[in-house]
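Architecture at a glance
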Amino acid sequence: LFRSSDAKSHFISVQPSTKLAGKSFCMTGEHAHLSRAVLDKIIIMHGGEPKPAVTKGLSYLLQGSAINKGGSKLAKAQKLGIPVIHEAELYKLIA
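The structure contained in this document is the topic of the report that follows. (Residues numbered from 1 in each chain as written. Predicted model: local features only at pLDDT ≥ 70, side-chain atom pairs only at ≥ 80, totals over all residues. Heavy atoms only, no water.)

A tally of regular secondary structure across the chain gives three helices and six strands. Ordered by position from N to C terminus, the α and β elements of the chain give β-β-β-α-β-β-α-β-α. Here the chain, with 95 residues, has 38% of them falling under the buried criterion. (Helix = DSSP H or I, 4+ residues; strand = E, 2+ residues; numbered from the N terminus. Buried < 20%, exposed > 50% of the residue type's maximum accessible area, 1.4 Å probe, protein only.)

What follows is the structure in structure tokens.
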């Protein structure tokens, strides 16, 4: 059970799985409900691997909630054809 960092106090229940096995994720920007540290833990709990940078073999770029954020990581992901997802899409992957 993870509590979000905002005042709305969202709770997300997480049961470990292998739904993200073989997938790697890099984060950019600030995220709507959870900190990067908590998102890293969720990714790991589901068999995924957090990465610090965008590289050719990356599975997904997890973009923050601000539309104009992302800078060089977003540009590089788009150039490499890496799918860009947001928090809600991550949750769908582990649902």
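The next subject is the sheet that holds strand β5 (residues 60–63). For sheets, the rule is that strands pair by backbone hydrogen bonds, running either parallel or antiparallel. Taken together, the four strands give an open sheet; going across it, the order is β4-β3-β5-β6, and neighbouring strands pair in parallel fashion. Taken across any chain shown, the strands that pair with only one partner, and hence form the sheet edges, are β4 (49–51) and β6 (84–85). With four bridges connecting them, strand β3 (residues 24–28) and β5 associate as parallel partners. Along β5, the bridge assignment pairs Met27 with Leu62. (Pairing = 2+ DSSP bridges.)

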